[in-house]
Amino acid sequence: MASALKGRSSSAVLPSFTATGALEHISIPSFLSAPWAPFNGSTPPSPSSWFIYRYKKRHLPGDKWTIPIIGKFADSMKPTMEGYMKQWNSGALSALSVFNIFIVMASTNDYARKILNSPNYAEPCLVNSAKQVLRPDNWVFLTGKVHADYRRVLNGLFTRKALGIYVNIQDQIARKYLKQWLNAAAVDPSPKPIMMACRDMNMETSLRVFCGSHIGDDEAQEIGEKYWTITVALELVNFPLALPGTKVYKAIQCRKVALKYLANAAAKSKAAMAAGKEPECMLDHWVRSMEEPTYKGRKDFSNLEMAMVVFSFLFASQDAMSSGLIYGFQHLSDHPDILAKVREEQDRVRAGNYDQPVTLEMLDDMPYLRAFVRESLRLMSPVSMVPYQTLKAFPISPDYTVPAGSMVIPTFYNSLHDPEVYPEPEELKPERWLDPNSGANQNPKNYLVFGSGPHKCIGLEYALMNIALVLADFAALTEWEHVRTDKSDKVQIIATLFPQDGCLLKFRPRAIAQ
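Just so we're clear, the structure is a prediction, and the values are computed from it rather than from any experiment.

Criteria and cut-off values
Residues numbered from 1 in each chain as written. Predicted model: local features only at pLDDT ≥ 70, side-chain atom pairs only at ≥ 80, totals over all residues. Heavy atoms only, no water. Helix = DSSP H or I, 4+ residues; strand = E, 2+ residues; numbered from the N terminus. Buried < 20%, exposed > 50% of the residue type's maximum accessible area, 1.4 Å probe, protein only. Contact = heavy atoms within 4.5 Å. Areas by Shrake-Rupley, 256 points an atom, 1.4 Å probe, with all protein chains shown as cover. Axes fitted to C-alpha atoms, helices over the stretch in contact; angles between N-to-C directions. Parallel < 35°, antiparallel > 145°, perpendicular 65-115°, else oblique. Left-handed = near helix turned anticlockwise from the far one by under 90°. Nonpolar A, V, L, I, M, F, W, Y, C, P; charged D, E, K, R; others polar. Salt bridge = Lys/Arg side-chain N within 4 Å of Asp/Glu carboxyl O. Phe/Tyr/Trp six-rings, centres within 6.5 Å; stacked < 30°, edge-to-face > 60°. Polar contact = N/O pair within 3.5 Å; in protein donor to acceptor, adjacent residues only side chain to side chain. Expected span 1.5 Å × (residues − 1). Arc of directions from axis to C-beta. pLDDT = per-residue confidence, 0-100. Core = buried A, V, L, I, M, F, W, Y, C linked by side-chain atoms within 4.5 Å. Pairing = 2+ DSSP bridges.

A. The arrangement of the overall build of the chain in detail. A tally of regular secondary structure across the chain gives 19 helices and 12 strands. Counting all 514 residues of the chain, 53% fall into the buried class. For the chain, restricting intrachain contacts to residue pairs at least 6 apart in sequence, the fraction spanning at least 24 positions comes to 74%. Summed over all atoms, the accessible surface of the chain reaches about 22000 Å², with 56% contributed by carbon and sulfur.

See below:
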């Protein structure tokens, strides 16, 4: 059977169903005919699914055969960067199957960008559980004109004017946590993992930036405590049915609570702006911008729709931004020469006034810090891939078409570590971003940290600004030491990437800032 399939032309047109019918005539031994449960919530696969995987795979690298239904489920439950890299390096396109989901991995820059920029063929699904957790009507899953109209409105939430509102909130909360961490270190100077502490800081920052005082302290705390449940349900592979007790079920219950509080915040924002108050947060800026005479976008956003937007922003800011910030701390500590240059720049910009809140203009005057943030994110991108689902047969290359209904995953690691674009790609070199003629600056298509195409991260400037601002305050006001372990350079994959030891740091006040 395998040799017969191998002999088929790789450019032949794939049948549109790619499910069962074409291979139903194949005789299957009786011991393979046991009934299988519909783990993926769809029609239970027949035994011929063993061979359908091989048919869909065609000539692509990947296992020749796969375990019925579960495929590489065991591997995917405990993913490793080494495992992913082995798959990526097996070919520009490669195949695997998990829970009866046929998956094509795309590891080159050209293929990754083609997927990201082909909305007629594929739509983002994030992970298989994402629509259940975030709701299928969330704007991140919209396509075509309705998605473009949403983005046109939401782009206005990240203009320089809007960022000017947010930066003061970000600085206040960064300093609040800086003091807390220093006070805790004074009592117990032993190293502490900063992973969850950074998540807490980013959650409070994002909730206050997005909702201001329209969300109560108790509500904000409850959302923060519950959001980790949502994060772990958005791993690449989870048990796909939302049965009581599963991660996905628990995440859905947490989402319901969060959306209730966020919708209430949207209602309060509308009331505050109607009463003539000044905007203090993203929701206020959104409501007020819709009142401006020059505004031409949609104006009838319901409280729930606004809540779902904020909810999606929380996911991005919590996980991707926390990953970027944690590795930022780790990279600076592990490269004291780079940290010294960052501090030198901070001392110059702040001119002795360390109590002055950071402004957009001050961040503009920190090119080395901004170059470091870009480089740190390149070296350890929070998101190494973004799953898409094909809407129809996708002719991704001259000799291969991804079947309709498959998962196709553009991966970013190889783009971000291409030695032709980034010489010595495994080295942390902020200077590569300061030279306008460098490969890094001459090849922006390779910098896929924030994706590409119609679903490119809409809040990239906000994320870059927040990571830079937090690192600026800590570099100016504290000293920290990274206590390395044998897990410091090993990656934990929980929706985004984190060091397995949580990044153990010891903090103390910086002498010049006391």
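B. Quick peek at the packing of helix H9 (residues 195-211) against helix H19 (residues 460-477). Between H9 and H19, the shortest axis-to-axis distance is 13 Å and the interhelical angle comes to 125°. Between H9 and H19, the interaxial angle falls into the category oblique. Where H9 crosses over H19, the two elements pack in a sense that is right-handed. From H9, Met 201, Asn 202, Thr 205, Ser 206, Val 209 and Phe 210 reach across to H19, where they touch Tyr 462, Asn 466 and Val 470. In terms of residue class, the contact of H9 with H19 is made up of 5 nonpolar, 4 polar and no charged.

C. Seen up close, the environment of Pro 136. Following the sequence through the fold, Pro 136 ends up in the loop between helix H6 (130-134) and helix H7 (144-154). Spatially, the C-alpha atom of Pro 136 lies 9.6 Å from that of Cys 125, the residues being 11 residues apart in sequence. Once residues lying within four places of it in the same chain are set aside, the contact partners of Pro 136 are Lys 131 and Phe 141.

D. Representation of the pattern of salt bridges. Applying the stated rule across the entire model yields 28 salt bridges. Across the pair Arg 199 and Asp 319 runs a salt bridge, and its minimum N-O distance is 2.9 Å. Of this pair, Arg 199 sits in helix H9 while Asp 319 sits in helix H13 (residues 303-334); the two residues are 120 residues apart in sequence, bridging distant segments of the chain. Taking the relative accessible area as the measure of exposure, Arg 199 reaches 2% and is therefore buried. With a shortest N-O distance of 2.9 Å, Arg 432 and Glu 375 are connected by a salt bridge. Here Arg 432 is found in the loop between helix H17 (413-416) and helix H18 (439-442), whereas its partner Glu 375 is found in helix H16 (residues 367-379), with 57 residues between them in sequence. In terms of burial, Arg 432 and Glu 375 fall into one category: buried.

E. Up close: the environment of Ala 393. Mapped onto the elements, Ala 393 comes out in the loop between strand E5 (388-390) and strand E6 (394-397). For the pair Ala 393 and Gly 405, spaced 12 residues apart in sequence, the C-alpha to C-alpha distance is 8.0 Å. Once residues within four sequence positions are removed from consideration, Ala 393 is found in contact with Tyr 121, Thr 401, Val 402, Pro 403 and Ala 404.

F. Expanded view of the packing of aromatic side chains. Inspection of the entire model under this criterion finds 24 aromatic pairs. A centroid spacing of 6.1 Å and a plane angle of 45° characterise the contact between Tyr 422 and Trp 433, whose relative ring orientation is tilted. One end of the pair, Tyr 422, is in the loop between H17 and H18; the other, Trp 433, is in the loop between H17 and H18, with 11 residues separating them in the sequence. No difference in accessibility class separates Tyr 422 from Trp 433, as the two residues are buried. Judged by centre distance (6.2 Å) and plane angle (45°), the ring pair of Trp 480 and Phe 507 falls under tilted. Within this pair, whereas Trp 480 is found in strand E9 (residues 478-482), its partner Phe 507 is found in strand E12 (residues 504-509), the two being separated by 27 residues in sequence. Of the residues examined, Trp 480 reaches a relative accessible area of 6% and is grouped as buried.

G. Unusual backbone geometry, seen in detail. Despite not being glycine, Arg 58 shows a phi value in the positive range, around 55°. According to the relative accessible area criterion, Arg 58 is buried, its value standing at 10%.

H. Highlighting the side chain of Glu 375. Of the residues examined, Glu 375 reaches a relative accessible area of 0% and is grouped as buried. Within polar-contact distance, the side chain of Glu 375 engages the backbone nitrogen of Lys 429 at 2.9 Å. Among residues more than four places away in sequence, those in contact with Glu 375 are Glu 427, Leu 428, Lys 429, Pro 430, Arg 432 and Trp 433.

I. Layout of helix H14 (residues 336-350). In this model H14 runs 21 Å from its N-terminal to its C-terminal C-alpha over 15 residues, within 8% of the 21 Å that 1.5 Å per residue would give. Within H14, burial applies to Ile 338, Leu 339, Val 342, Arg 343, Glu 345, Gln 346, Val 349 and Arg 350. Looking straight down H14, one finds its buried side chains confined to an arc of 160°; they lie on one side. The exposed residues of H14 that point more than 90 degrees off its buried face are Pro 336 and Glu 344. Turning to H14, the residues buried within the fold contact helix H8 (160-187), H13, helix H15 (360-364), H16, H19 and E9. Just downstream of H14 lies Ala 351, where phi reads positive at about 50°.

J. Representation of helix H11 (residues 247-274) within the structure. Counted at 1.5 Å a residue, the expected span for H11 with its 28 residues is 40 Å, and the 40 Å between its end C-alpha atoms agrees. Residue Gly 276 follows H11 closely and has a positive phi angle near 85°.

K. Molecular detail of the confidence of the model for the chain. Counting all residues, the mean pLDDT for the chain is 86, and 86% of those residues have values of 70 or more. A low-confidence stretch, residues 1-47 (pLDDT under 50), is modelled with 67 contacts involving residues beyond four sequence positions or located in other chains.

L. Main features of the nonpolar core. One finds Ile 223, Leu 262, Trp 286, Phe 313, Phe 329 and Phe 507 to be the most contacted residues of the largest nonpolar core, which totals 143 residues. A total of 15 residues in this core trace back to one element, the largest contributor, which is H19. Apart from the residues within four sequence positions on either side, Phe 313 is in contact with Trp 139, Leu 154, Leu 157, Phe 158, Phe 210, Met 282 and Ile 458. Among the nonpolar cores identified, the runner-up in size contains 19 residues, and Ile 103, Cys 125, Met 380 and Ile 409 belong to it.

M. Summary view of the sheet that holds strand E3 (residues 122-124). An order of E1-E2-E8-E5-E3 is seen for the 5 strands of this open sheet, with the pairing classed as mixed. The open sheet has two edge strands, strand E1 (93-98) and E3, and neither has a second partner. Each strand axis lies, on average, 30° off the axis of its neighbour in the sheet, ignoring direction. Sheet analysis places strand E2 (residues 101-106) next to strand E8 (residues 407-410), joined by 4 bridges and oriented parallel. Among the inter-strand pairings, Val 104 is bridged to a residue of E8, identified as Val 408.

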